[in-house]
Amino acid sequence: MNFLIRPSAEVAIKSKPVRRQQIRQLRQNVSKILRRVDDRIRVEGSWDRVDVLVPDELDSNELVERLRCIPGISNFLEVRDYPLTTLDDVADRALAVWGDALAGKTFAVRGRRTGEHDFSSADLERLVGSVLLAQSGASGVRLKDPDEQVRIEVIHDRYHIVERRFEGLGGYPLGSVETAVSLISGGYDSSVSTYLTMRRGLRTHFLFFNLGGAAHEVGVKQVAHYLWSRYGSSHSVKFISVPFEDVVGEIMRSVDHRHMGVVLKRMMLKAAAAVAQTGLAKAIVTGDAVAQVSSQTLANLNVVDRASDEVVLRPLITMDKVDIIRIAEQIGTESYARNMPEYCGVISSKPVTRAKQHRVEAEEAKMDPAVLERAIESRVETPIQRVLESMSTPEDVELVQTPAVDDVIIDVRHPNEEERAPLHLTNNQVLHIPFYELNQRVDELTDDCRYLLYCDKGTMSRMHAGHLKASGLDNVLVYAPA
């Protein structure tokens, strides 16, 4: 079994030197991610394609899921490779692969050749098409817009038959563009804007301004780690947490209430610029969309941007909220955002919508600049691979390797993880409550049994079991199979 990867269209139209560089980056990214599944996987290719050579016994579905999430891929094909002998053999192989799938459908054979052969691509298509039409139960051949396309590629003395075709993310290979730092709060907007910059090929660090204490930080770390592990794990990035409670307090004490929202945005941008200027990034990413809230009018955004000389990228700037939520559903962050509490730094009764720069700067001058400086200096930078390890739990919890018959297992994994690797236990009831819904559903837990939280690595289950224990639930433990 092999995969043939086609780069996104934007990569394909680059000049040859740029295309070579981006395809090389794509090969490196694909190799790094897939070899974590099995180090026997080989990634090869030329200046316009990437070939993935996979041992036949591996589960292709897991590889498909990973390839779907790698930026820079337009589409990819799952293929079977065979030695070329005769066209009759090619037709027999095509029938074996496609025979059942074509029953009652229209189809077309698409042939492609590389090298010298005594037959043309049209000869290949006609012969294979005639065999499939006669023996597969297909309803007919339709060259334009068929139900199924049977793709066969002959490369010198071998050929492969495409079994399945999948769409990729598009965009550019991660790391082939420059580096950015994205302001992330865990909500719909910031998670989608961060994803879009990653998809565009920007190596994207996560910058979090903590307004809600440890609980807020835990939730945002989970979102950031999910985004990185699913769409950006070919490159290491940082999670930077900046304590911003004192900055908010200083704004509340010193700034006119109408200008509080704009000033808070400017303080965040100044802090983000200071982080970027350490050499970490060339741009700042925000989740702003025009007119979504009062601080995002064009006049206010103009004043906010003047707080920094850094480039500010706003991927969502003209998007409707329903479209942002739709993308969040597609990429898997909607459930996080839906359950993320709102941590409003400041609330103005009549916020300014047409801020004037001189007035905003006059309000900022009332603030103690040392407060912002201390917040920036107190930031904590953590490699994203270790960000879940850095989430402390308030209580130690007991680990159980073999559950008792009456124990109830709570699978707290994200639904995507649960679907890829279902938990099967013969003697125990298994409840599926994602970690981000635990607090809302804690009243469903009774006192007459033990609950064992489960996740793949044990990190998330221990953390949430610790918090539940701290809140008074002594019958919550962790299922940690050997």
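Residues numbered from 1 in each chain as written. Predicted model: local features only at pLDDT ≥ 70, side-chain atom pairs only at ≥ 80, totals over all residues. Heavy atoms only, no water.

The name an unreviewed UniProt entry gives the chain is tRNA sulfurtransferase, with Marinobacter halodurans as the organism. The record in UniProt for the chain states the following under Pathway (unreviewed entry): "Cofactor biosynthesis; thiamine diphosphate biosynthesis." Under the heading Subcellular location (unreviewed entry), UniProt records this for the chain: "Cytoplasm". (UniProt positions renumbered as here; feature names shortened; annotations may be inferred.)

Novice: How would you summarise the overall build of the chain if you had to cite specific residues and measurements?
Specialist: If you tally the helices and strands in the chain, you get 17 helices and 19 strands. C-alpha extents for the chain along the principal axes are approximately 85 × 60 × 35 Å. The 482 residues of the chain split such that 52% are buried. Residue pairs at least 24 apart in sequence account for 79% of intrachain contacts in the chain once pairs closer than 6 positions are excluded. (Helix = DSSP H or I, 4+ residues; strand = E, 2+ residues; numbered from the N terminus. Buried < 20%, exposed > 50% of the residue type's maximum accessible area, 1.4 Å probe, protein only. Contact = heavy atoms within 4.5 Å.)

Novice: Which residues make up the UniProt feature "binding site: ATP" (unreviewed entry) in the chain, and what values go with them?
Specialist: Here, the residues flagged by UniProt with the feature "binding site: ATP" (unreviewed entry) are L183, I184, K265, G287 and Q296. One can find L183 in strand β9 (residues 179–183). Discounting residues that sit within four places of it in the chain, L183 has contacts with S190, L207, F209, M268, A272, I284, V285 and T286. When you line up the elements, K265 lands in helix α9 (residues 260–280). What makes K265 partly exposed here is its relative accessible area of 25%. The contact partners of K265, leaving out residues within four places of it in the chain, are D288, S295, Q296 and V304.

Novice: So what about the sheet that holds strand β11 (residues 238–243)? Which residues, and what values?
Specialist: Spatial ordering of the open sheet is given by β13-β12-β9-β10-β11-β14, a layout of 6 strands whose pairing is mixed. Because the sheet does not close on itself, it has two edges, and the strands there are β13 (311–313) and β14 (380–383). For this sheet the average axis-to-axis angle between neighbouring strands, irrespective of direction, equals 25°. Inspection of the sheet shows strand β10 (residues 203–210) paired to β11 by 5 bridges, in the parallel sense. Residue F209 lies in a different strand from β11, and its bridge partner there is V242. (Pairing = 2+ DSSP bridges. Axes fitted to C-alpha atoms, helices over the stretch in contact; angles between N-to-C directions.)

Novice: Describe the environment of I184, with residues and values.
Specialist: In this structure, I184 sits in the loop between β9 and α6 (188–199). Residue I184 is classed as buried on the basis of its relative accessible area of 3%. As a C-alpha pair, I184 and R113 span 71 residues in sequence and 48 Å in three-dimensional space. Non-local contacts of I184, meaning those with residues more than four positions away in its chain, are made with S190, T194, F206, L207, F208, V220, V223, A224 and L227.

Novice: Describe the packing of α9 against helix α10 (residues 298–305), naming the residues involved and giving the relevant values.
Specialist: Put simply, α9 and α10 touch, their axes get as near as 9 Å, and they point 35° apart. Where α9 crosses over α10, the handedness of that crossing is right-handed. Contacts between α9 and α10 pair V262, K265, R266 and L269 from the former with N300, V303, V304 and D305 from the latter. When the residues that make up the contact of α9 with α10 are grouped by side-chain class, the tally is 4 nonpolar, 1 polar and 3 charged. (Left-handed = near helix turned anticlockwise from the far one by under 90°. Nonpolar A, V, L, I, M, F, W, Y, C, P; charged D, E, K, R; others polar.)

Novice: Lay out unusual backbone geometry in plain terms, naming residues and giving numbers.
Specialist: In the Ramachandran plot, D145 falls in the positive-phi region, its phi being about 55° despite a non-glycine side chain. On the secondary structure map, D145 appears in the loop between β6 (140–141) and β7 (148–155). One non-glycine residue with positive phi stands out, namely H156, at about 55°. Assignment of secondary structure puts H156 in the loop between β7 and β8 (158–170).

Novice: Can you explain the packing of aromatic side chains? Please cite residues and give values.
Specialist: In the structure shown here, the tally under the stated rule is 8 aromatic pairs. An angle of 45° between the planes, with centres 5.3 Å apart, marks the rings of Y226 and Y336 as tilted. Within this pair, whereas Y226 is found in helix α7 (residues 213–232), its partner Y336 is found in helix α12 (residues 334–339), the two being separated by 110 residues in sequence. Residues Y226 and Y336 agree in their burial class; the two are buried. Through a chain of ring-to-ring contacts, three or more aromatic side chains come together here, namely F3, F76 and F166. (Phe/Tyr/Trp six-rings, centres within 6.5 Å; stacked < 30°, edge-to-face > 60°.)

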